[in-house]
Structure formats: C-alpha cells, structure tokens
Amino acid sequence: MTSSVAGGPRSIRDDDVVVTGIGVISSIGTGVAEFAAGLRAGRSGVSPITAFDTSGFDHANGCEVTDFDPGPWVRTLDPASLGRAAQFSVSAARMAVEDAGIEAAELAAKRMLVSIGTTDGESSDLDRVVAADLAGGSDAVDPVVAGRTSASRLSVAVARELGLVDVETMTIATACAAGNYTIGYGYDAVRSGEVDMVLCGGADALCRKTFASFYRLGTIAPDVCRPFDADRQGILTGEGAGVLVLERWGDARKRGARVYARILGYGLNCDATHQVAPDQDSVARCMALALENAGVKPDEVDLISAHGTGTRANDLTESSAIREVYGGKPPRTISIKSMLGHAMGAASALGAIACALAIHRGFIPPTINHRRTDPELGIDCVPNTALDVAPAIVQNNGLAFGGNNAVVILGRHEEENP
Amino acid sequence: MTASVEQRVDRIKEIVCDILELEHDEVTDTGLFKEDYGADSLLSIEILSSLEKEFGVVIDQAEMSRMVNMEGVVEVVTEAIDRK
C-alpha cells in the first residue's frame, strides 16, 4: 500500500489506477448493461436451488445463475475442461477485456497480472468427486472432473484462454473478502509499474458443502435475504463472477479508453479473532486504513456498499464499525446481497463493480426485500428503490471468515481537472 | 432413573466431553459450556448436530439457548426423543 498523495485523491496523475473494463456474470444479469439495469431496478436473483440435490433441507433458496452459457466466452479452451467457477472467471475476464476495447494481440504484448479471488474454488466438483468415490470407489471418479478441482485454475485458465504470455496468475483464497483482496493486489501491481494491466475479481459457483455448512450454522434465510431489516433471517448462497480491468490513467488516456471509476485505495487486515464472528474494532480499523490509503476523509464518502450478508451478527458488527469510523451520521449504506445473495469469493468483486457503475451512471442501488430497518443499526440502507443520486466517492466492504477484512475505495474520474 | 435413560445420559455426556475435549469427571451437570469450559457458538452447534445424528432426532436451533450445560442438553434431547 502507498500512502496518500499530496493534493488528495482528486488531482489526477498518470499512475493513478482506473477501471476501464468490466465483466459480470450474476443471478440478476450478465454483462455490464444487464447487471446495471438489475441493480437500478432492484432485481432479485432468488430461486429454488437446482445446482445440487436439496432433499433433507427444510428450505433451499439461493441466487443461482440460471442462464449461463460459457459458449460465447470460452473459445480457446474446452469448456468441459473447466469447472463451473473457472468457466465463470474465464467468461467474465473475456467479457471485461472486450468491454475495455482491447484487441487480443495488444493484450498479449502487455505485462499482465491475473488475480481471481474465491471462497470455494471448484468445491462443486469436489462434491462430485467425493460422491462418486463413496458410491463406487476411486475407479468411479471421473478423471476430467478430478483434474478441474485445483483453485489455482480460476486465474491460470484466464491467462490460457486469453493467450497471455508475460503474466503472473494468482488465485487469492481469502474467502468472502477475496474479490477486494485481488483489487488491492492489482492496484499495487499496476500503480507501481510492475505490470501494465490487471484482470482482477472473484468467482464462485454454488456448492452443496457451503450451503450445508451455512444451513447447519442456522444462517440460511428461509425465503429472501433482508440485510439491515429488523426481521432479517440470514443469508442466501449465490454464485457468479466479476472481473475488472485495471490500468494506469496515463495508459488508458493514450488508448482513448472509457473510464468507469478510479481505484483510490484500499485497506486489508486480518485479526484471526474467531473463525466466523466478525470483530467490530478490526472492521473499523480496516475501513480507516482504506480511507487513509485513499487520502479520503470520512465526510467525503457518499456511499458504502456494505458486506451486508443479512445476518444479525453482520448487521450489528458492520453498522457499529461504520458508526465508529463515520460518527453519528454515516453515508448511505446499501447491501447488494439483498439482490445477489452471497456470491462468496465473487461478492466483493461484484460489489466493487456495482460501486463503479453507481459512480459512472449516477445512481445508488437499493437494499431490496426491506420492510423495517433495525433501529439499532442507525443507517439509511436505501430501502427497495434506487436513488437518482450520483455518488463521487464510494467505499466497498468485504468481511470474511477468520477476520479477513478488505475495503476498497473508488472515486469518480474527472478528466477536466488539472 | 431406568437403565436405558442412564445409558442415554452417559452417551450424551460422552459426546459433549468429546467435542469440548474434556475428561468425563471435569464436566458437571450444571457447569456452563461457554463460561466454565470455554466453548463457543461453533462447538455448541457441533454438540447439537452430533446429538441429532446419534439419537435420530431433530433439535430446533432455538433450543440452543437452553443447551448451556449438561442438565439443559439432557432435557432438550429427552424432549426431542419423546416427540419422535
């Protein structure tokens, strides 16, 4: 991490990091246009889970990507050689590159970083391997499925699909904050000049293991996810991928790229206080770190895209930490997990993309399924209806098991400034 | 206490001791799992799910507020078995 530059975040420098491409696969829409429309409309991605057998569970809703076809995106590799999460990461990366308007040859000549965050990797394939092994012994295990299971493939497959040669590939497995971790890592790599361009984000596919674990913890909502609501009942597991193209403003300007937003900075910490319970002080410290790194004062932030899982523990801890940093009147604090469920390793990447689109298109996505805000929380979660308000600086929270916290600050890109 | 009920209590205690990593005589009927034995919410859920499996019953997670010591756990499990 670098410390804040003199003159604050709004003075533009050639080595400032900008988002110039976005790829999204989500339960509320695939591609920038559909995803943005979904966020603005407050679309719900909820449906009964079909990815695995849900018999034995009293309720099994999730936010599944029901219309995904890797065909248009996975062209070099055989889609069957990739697990569902890698199909997601590769497709979102291809989409992001096309959205950024970069030709394949141009891309192959660049020094690249591909970094994909994940919680489960290809755990749905691991579920399959274990089921086959239990039923018929190791001979019954499909070698193609077994060969897909390594989590490192989520980023390696992106490089292979896009024919990248001068590239570092890094899968970051810091669970539900992983997407933000990759953005932070990418920000440092491209800002320092170590690489020319970054493809970063997160990917996860629904799997029985994770659903069953959260179910056992009593944290799966019976119907929908209602973050910050007095009657919230928990999370819904989701899936998808979000990939961002990051480059230096100087390079983006030269090639006439469209800029969605700037990455102003980030903060990471790990308190390792508890396996699953978030720690308020540590979460507050992480937000403060991010703001300091971005050179942004709390009263300059217009919007927080919260981790907002929809559990009471998260609601109380996160809102208290926000008030600790922001004082009595924090900025509007939304949870897109109300629409997307918890897409695990993809969640904070999708969150960062939502922030970039909110900045670029000038709106604030709502927290849907909302009836009555928990009065204990002291926040405005923008219930149910998007606002036509253009945020200039937005904070994206990612808080993961094990006390892994990652916060990214994004800002509006204004070229007319000196 | 009939023999079968006694056996059941012994089996419950065995499961609890195993999960809390305690010796049989360290756990009393009223000693609190969290305050006295350092258990956390994850271990409490592990106790609940192990008991469900062992006795083939379903225990509502709301009952966790009662399952704070051996006495409470035995009560909840007994009620669940009676409901079967």
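Small disclaimer: the values here were computed from a predicted structure and weren't measured.

(A) Representation of the overall build of chain A in the model. Across its full length, chain A holds 13 helices and 12 strands. Here the C-alpha radius of gyration of chain A, 20 Å, is about what a compact globule of 418 residues would show, namely 22 Å. Judged by the C-alpha coordinates and their principal axes, chain A covers about 65 × 55 × 40 Å. Counting contacts in chain A only where the partners sit at least 6 residues apart, residues at least 24 apart contribute 79% of the total.

(B) Highlighting the overall build of chain B. Counting its regular elements, chain B contains four helices and zero strands. In sequence order, chain B lays out its α and β elements as α-α-α-α. A compact globule built from 84 residues should have a C-alpha radius of gyration of about 12 Å, and chain B, at 12 Å, falls within 12% of that. Burial statistics for chain B: of 84 residues in total, 17% are counted as buried. For chain B, restricting intrachain contacts to residue pairs at least 6 apart in sequence, the fraction spanning at least 24 positions comes to 50%.

(C) Quick look at the packing of helix H1 (residues 3-20) of chain B against helix H3 (residues 41-55) of chain B. Residue and element names in this part refer to chain B. For the pair H1 and H3, interaxial distance at closest approach is 10 Å and the crossing angle is 145°. As for how H1 packs across H3, the hand of that crossing is right-handed. Taking contact as the criterion, the partners of Arg11, Ile12, Ile15, Val16, Ile19 and Leu20 in H1 are, on H3, Leu43, Glu46, Ile47, Ser50, Leu51 and Glu54. Looking at the contact of H1 with H3 residue by residue, the classes come out as eight nonpolar, one polar and three charged.

(D) Region of interest: the domain arrangement of chain A. Residue and element names in this part refer to chain A. According to the domain assignment, chain A consists of domain 1 (17-254) and domain 2 (265-411). Just the C-alpha atoms count here: the centres of domain 1 and domain 2 sit 20 Å apart. Listing elements by their share of the side of domain 1 that touches domain 2, those giving two or more residues are strand E1 (17-25), helix H1 (32-41), helix H7 (178-191), strand E6 (197-204) and strand E7 (240-248). Counting residues per element, the side of domain 1 that touches domain 2 draws most heavily on H7, at seven residues. In the side of domain 1 that touches domain 2, the residues fall into 26 nonpolar, 23 polar and nine charged.

(E) Representation of the environment of A:Gly201 within the structure. Position of A:Gly201 among the secondary structure elements: in strand E6. Not counting chain neighbours up to four residues away, the residues in contact with A:Gly201 comprise A:Ala92, A:Ile116, A:Gly117, A:Gly179, A:Thr182, A:Ala241, A:Gly242, A:Val243, A:Leu244 and A:Ala349.

(F) Inspection of the pairing of strand E11 (residues 393-400) of chain A at higher detail. Residue and element names in this part refer to chain A. E11 sits mainly inside the fold: eight of its eight residues count as buried. On E11, burial covers both faces: Ile393, Gln395, Asn397 and Leu399 on one face and Val394, Asn396, Gly398 and Ala400 on the other are all buried. Pairing analysis gives three bridges linking strand E9 (residues 303-305) to E11, with the strands arranged parallel. Each residue of the ladder has a partner; that of Ile304, found in E11, is Gln395. Where E11 folds back onto strand E12 (residues 404-411) in an antiparallel hairpin, the turn is made up of three residues, including Gly402, whose phi is positive at roughly 80°.

(G) Highlighting the environment of A:Leu350. All names here are of chain A. On the secondary structure map, Leu350 appears in helix H13 (residues 347-361). The exposure class of Leu350 is buried, given the 31 C-beta atoms found within 10 Å. Separated by 313 residues in sequence, Leu350 and Ala37 place their C-alpha atoms 14 Å apart. If we ignore the near neighbours within four places in the chain, the residues touching Leu350 are Val24, Ser26, Gly240, Gly242, Ile336, Leu340 and Ala343.

(H) View of the interface of chain A and chain B. Taken residue by residue, the interface counts five residues in chain A and four residues in chain B. For the side of chain A that touches chain B, a count of residues per class yields two nonpolar, two polar and one charged.

(I) Inspection of H7(A) at higher detail. Residue and element names in this part refer to chain A. For H7, which comprises 14 residues, the first-to-last C-alpha distance of 20 Å matches the rise-based estimate of 20 Å (1.5 Å per residue) to within 8%. Within H7, 13 of the 14 residues are buried, which leaves it mostly tucked inside the rest of the structure. Once H7 ends, the next one or two residues include Gly193, with phi positive near 85°.

(J) Structural view of the confidence of the model for chain A. Averaged over every residue, the pLDDT of chain A is 95; residues scoring 70 or more account for 97%. Confidence drops under pLDDT 50 across residues 1-9 of chain A; counting only partners more than four residues distant or on other chains, this segment forms 15 contacts.

(K) Examining the packing of H7(A) against H13(A) more closely. The geometry of H7(A) relative to H13(A) is characterised by a closest axis approach of 5 Å and an angle of 65° between their N-to-C directions. Residues A:Gly179, A:Asn180 and A:Ile183 of H7(A) touch H13(A), and the partners they reach there are A:Ala347, A:Ser348, A:Ala349 and A:Ala352.

(L) Seen up close, the environment of A:Glu122. Residue and element names in this part refer to chain A. Here Glu122 lies in the loop between strand E4 (112-117) and helix H4 (123-136). Glu122 sits in the buried class, given 27 other C-beta atoms within 10 Å. For the pair Glu122 and Ala104, spaced 18 residues apart in the sequence, the C-alpha separation amounts to 27 Å. Among all residues touching Glu122, those that are not within four sequence positions of it are Gly83, Ala85, Ala86, Arg148, Thr149 and Ala151.

(M) Main features of the sheet that holds E1(A). Residue and element names in this part refer to chain A. Pairing is mixed in the open sheet, where 10 strands are placed in the order E5-E4-E6-E7-E1-E8-E12-E11-E9-E10. Each edge of the open sheet carries a strand with a single partner, namely strand E5 (167-172) and strand E10 (332-334). Each strand axis lies, on average, 25° off the axis of its neighbour in the sheet, ignoring direction. Sheet topology places E11 next to E12; eight bridges connect them, and they run antiparallel. Counted as the bridge partner of Leu399 is Asn405 from E12.

(N) Representation of helix H6 (residues 153-161) of chain A. Residues and elements named next belong to chain A. The element H6 is largely enclosed, with a buried count of eight among its nine residues. Those residues of H6 not exposed but buried are Arg153, Leu154, Ser155, Val156, Ala157, Val158, Ala159 and Glu161. Here the buried face of H6 lies against helix H2 (84-99), E4, E5 and E6.

(O) Summary view of the nonpolar core. All names here are of chain A. If you look at the biggest cluster of nonpolar residues, it comprises 136 residues, and the most contacted ones within it are Ala96, Leu244, Ala356 and Leu410. Considering each element in turn, this core owes the most residues, 11 residues, to H13. Each of domain 1 (17-254) and domain 2 (265-411) accounts for three or more of the residues forming this core. Leave out the neighbours within four places in its chain, and Ala96 touches Gly21, Ile22, Gly23, Leu199, Val243, Leu244 and Val245.

So, how was this worked out
- Residues numbered from 1 in each chain as written.
- Chains lettered and ligands numbered in written order.
- Predicted model: local features only at pLDDT ≥ 70, side-chain atom pairs only at ≥ 80, totals over all residues.
- Helix = DSSP H or I, 4+ residues; strand = E, 2+ residues; numbered from the N terminus.
- Rg over C-alpha atoms; globule rule 2.2 N^0.38 Å.
- Contact = placed C-beta atoms within 7 Å.
- Buried ≥ 20, exposed ≤ 12 C-beta atoms within 10 Å, placed from the backbone.
- Axes fitted to C-alpha atoms, helices over the stretch in contact; angles between N-to-C directions.
- Left-handed = near helix turned anticlockwise from the far one by under 90°.
- Nonpolar A, V, L, I, M, F, W, Y, C, P; charged D, E, K, R; others polar.
- Domains from an automatic or database assignment.
- Pairing = 2+ DSSP bridges.
- Expected span 1.5 Å × (residues − 1).
- pLDDT = per-residue confidence, 0-100.
- Core = buried A, V, L, I, M, F, W, Y, C linked by C-beta atoms within 7 Å.

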